[in-house]
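One-letter residues, chain by chain:
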Amino acid sequence: MSNLLSNRRYIIIHFMKKSTGKSRLRPTSSLVKQAVFNILGDIREKLFLDLFAGTGQIGMTALERGARVIFVEKNQKLAEIIKGKVGKNVYKMDALQFLIGMNEEADIIFADPPYDYKNYEKLIELSIKKLKPGGIFILEHRKDKNFGAHEVRRYGDTVLSIWRKEHDEGGLSGNF
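What you see as residue numbers is a count from 1 along each chain, following the sequence as written. Side-chain atom pairs in this predicted model are given and counted only at pLDDT of 80 or more, local residue features only at pLDDT of at least 70, and totals for whole chains, interfaces and linings cover all residues. For side-chain calculations, the full set of non-hydrogen atoms in the structure is used, while hydrogens and water are omitted.

1. Things to note about the overall build of the protein chain
Then comes step 1: Broken down by element type, the protein chain carries six helices and eight strands.
Then comes step 2: To qualify as a helix, a DSSP run of H or I must reach at least 4 residues; to qualify as a strand, a run of E must reach at least 2; elements of each kind are numbered from the N terminus. For the protein chain, the N- to C-terminal ordering of α and β elements is α-α-β-α-β-α-β-α-β-α-β-β-β-β.
Then comes step 3: Categorising residues by exposure relies on relative accessible area from a 1.4 Å probe, with only protein chains included: less than 20% of the type maximum marks a residue as buried, more than 50% marks it as exposed, and the intermediate range marks it as partly exposed. Expressed as a percentage of its 176 residues, the buried residues of the protein chain come to 43%.
Then comes step 4: Whether two residues are in contact is decided by their heavy atoms: any pair within 4.5 Å suffices. The contacts in the protein chain between residues at least 6 apart in sequence include a share of 54% that link residues at least 24 apart.
Then comes step 5: Only the protein chains shown count as cover for residues, and all accessible areas are computed by the Shrake-Rupley method using a 1.4 Å probe. Carbon and sulfur atoms make up 50% of the accessible area of the protein chain, which amounts to about 10500 Å² in all.

2. Some details on the side chain of His-141
Then comes step 1: Within the fold, His-141 resides in strand β5 (residues 131-142).
Then comes step 2: For His-141, a relative accessible area of 0% corresponds to the buried category.
Then comes step 3: Pairs of N or O atoms are called polar contacts if they sit within 3.5 Å, as long as, within protein, a hydrogen donor faces a hydrogen acceptor (for residues adjacent in sequence, only side-chain-to-side-chain pairs). Engagement of the side chain of His-141 in a polar contact is seen with the side chain of Ser-161, the distance being 2.6 Å.
Then comes step 4: Every residue in contact with His-141, bar those within four places of it in the chain, is listed here: Tyr-115, Tyr-120, Phe-147, Asp-157, Thr-158, Val-159 and Ser-161.

3. A few points about the packing of aromatic side chains
Then comes step 1: Each Phe, Tyr or Trp ring (for Trp, its six-membered ring) is paired with any other whose centre lies within 6.5 Å, and the angle between the two planes then decides the class: stacked below 30 degrees, edge-to-face above 60, tilted in between. The tally for this structure, following the rule as stated, stands at six aromatic pairs.
Then comes step 2: Ring plane angle 50° and centroid distance 5.2 Å describe the contact between Tyr-91 and Phe-98, whose orientation is recorded as tilted.
Then comes step 3: On the basis of relative accessible area, Tyr-91 is assigned to the partly exposed category, the value being 35%.
Then comes step 4: Phe-98 gets classed as buried once you look at its relative accessible area, which sits at 8%.

4. What to know about the confidence of the model for the protein chain
Then comes step 1: The score called pLDDT rates the predictor's confidence residue by residue, from a low of 0 to a high of 100. Residues of the protein chain with pLDDT of at least 70 account for 79%, and the chain-wide mean is 83.
Then comes step 2: Contacts for the low-pLDDT stretch residues 1-23, under 50 throughout, to residues beyond four places or in other chains number zero contacts.
Then comes step 3: Segment residues 169-176: pLDDT under 50, and 21 contacts once partners within four positions in sequence are set aside and those in other chains are kept.

5. Some words on the layout of surface pockets
Then comes step 1: Here the term cavity refers to a set of points on a 1 Å grid, laid over the protein atoms alone, in which a 1.4 Å probe fits but cannot get out; the term pocket refers to an open set having protein on both sides within 12 Å along at least five of seven lines, with lining residues being those that place an atom within 4 Å of a point. Grid points are joined across faces, edges and corners, and a volume is the space filled by probe spheres set on the points. Looking at the second largest pocket, its volume works out to about 170 Å³.
Then comes step 2: Lining of the second largest pocket is provided by 13 residues; of these, Lys-46, Asp-107, Ile-108, Gly-134 and Ile-136 occupy positions nearest its centre.
Then comes step 3: Those elements giving two or more residues to the lining of the second largest pocket turn out to be α2 (30-40), β4 (106-111) and β5.
Then comes step 4: Of all the elements, β5 adds the most residues to the lining of the second largest pocket, at five residues.
Then comes step 5: All residues other than Ala, Val, Leu, Ile, Met, Phe, Trp, Tyr, Cys, Pro, Asp, Glu, Lys and Arg, Gly among them, are scored as polar; the first ten of these are nonpolar and the last four charged. Tallied by class, residues from the lining of the second largest pocket come to six nonpolar, two polar and five charged.

6. Digging into the side chain of Asp-107
Then comes step 1: As for its placement among the helices and strands, Asp-107 is situated in strand β4.
Then comes step 2: Engagement of the side chain of Asp-107 in a polar contact is seen with the backbone nitrogen of Leu-47, the distance being 2.7 Å.

7. Quick notes on the pattern of salt bridges
Then comes step 1: The term salt bridge refers to a side-chain nitrogen of Lys or Arg lying within 4 Å of a carboxyl oxygen of Asp or Glu. This structure, assessed with the given rule, holds eight salt bridges.
Then comes step 2: Arg-68 serves as the salt-bridge partner of Glu-104, at 2.7 Å between the closest nitrogen and oxygen. Remark: Arg-68 occurs in strand β2 (residues 68-72) and Glu-104 occurs in the loop between α5 (95-101) and β4; sequence separation between them is 36 residues.
Then comes step 3: For the salt bridge of Lys-143 with Asp-157, the shortest nitrogen-to-oxygen distance reads 3.3 Å. Here Asp-157 lies in the loop between β6 (151-155) and β7 (158-165) and Lys-143 lies in the loop between β5 and β6, a separation of 14 residues in the sequence.
Then comes step 4: For Asp-157, a relative accessible area of 52% corresponds to the exposed category.

Right, dumping it as structure tokens:
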């Protein structure tokens with residue numbers, strides 16, 4: 001009997017460890033996802049980057065709306081799951097490294113890094129550099145951060161900071 005209890009205890013502890021590891025994955029809420037696509041409007045034929053893609057739900061919604069999507073997720077398992085669903089344009093790598101090596105400019109960049117992310121400033125700088133004129137960068141983060149974005153929208157504990165690259169040479173909407 002004590003062996004059975006010991007095995008049960010192991011299974012429960014093992015499950016708790018696995019589930020707490022997964023709790024770091026923070027899928028974008030449906031309210032925030034809806035807000036993102038309301039902000040973006042018509043995205044057909046646009047190049048959309050889903051950085052820190054996680055489950056890929058934002059990028060998959062962009063695909064459904066006619067965008068050409070590139071998913072960037074450094075977690076091997078998550079990247080494989082996304083690739084199994086979409087088949088191509090999934091990069092298993094660090095988002096900053098992807099942006100540094102990217103040769104094409106994007107129309108839309110959406111980034112949802114972990115809340116304890118340490119390189120927000122570099123992410124913002126690189127993302128804005130990689131936008132086409134008229135492009136938009138949306139950064140999802142928690143409410144205690146402020147990056148001086150042109151537009152900020154709050155949804156409970158979640159914030160969308162939004163930058164729009166001006167159409168002229170190098171101009172940018174926002175205080176970055």
